[in-house]
Amino acid sequence: MTNKVEDIEREILDLLAKQLPEGTQVSAEMRIARDLGLDSVGIMDFVMDIEDRFDISIPLDLIAELETVADLCTAAKDLLKGAR
């Protein structure tokens, strides 16, 4: 498994695209709740998909601090580093 930021970001954006209506444009700079319109259940589903894909566990207190998709990508990369 790769832990390059660009590869992680691409995979997370792909997972996110599956959660959103078809044709929704997503980027790393978007705010998860405000720009993408995900409610708390949608966010948790998205986070669980990421946890499953990368075999990591994202602590709830960390999730609350993540504002953008890029923040989430960085957190996933950091958690992957710690898992090795």
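What counts and how
Residues numbered from 1 in each chain as written. Predicted model: local features only at pLDDT ≥ 70, side-chain atom pairs only at ≥ 80, totals over all residues. Heavy atoms only, no water. Helix = DSSP H or I, 4+ residues; strand = E, 2+ residues; numbered from the N terminus. Expected span 1.5 Å × (residues − 1). Buried < 20%, exposed > 50% of the residue type's maximum accessible area, 1.4 Å probe, protein only. Salt bridge = Lys/Arg side-chain N within 4 Å of Asp/Glu carboxyl O.

(A) Structural context of helix α1 (residues 5–19). Counted at 1.5 Å a residue, the expected span for α1 with its 15 residues is 21 Å, and the 21 Å between its end C-alpha atoms agrees. Inspection of α1 places Asp7, Ile8, Glu11, Ile12, Leu13, Leu15 and Leu16 among the buried residues, and these make up the whole buried set.

(B) Looking closely at the pattern of salt bridges. The final tally for this structure, using the stated rule, is four salt bridges. Note that arginine 53 is salt-bridged to glutamate 11, the shortest N-O span being 2.4 Å. In this pair, arginine 53 is assigned in helix α2 (residues 40–54) and glutamate 11 in helix α1, connecting sequence segments 42 residues apart. Take arginine 53: its relative accessible area is 36%, and that puts it in the partly exposed class. Here arginine 34 makes a salt bridge to aspartate 35, at a shortest N to O gap of 3.7 Å.

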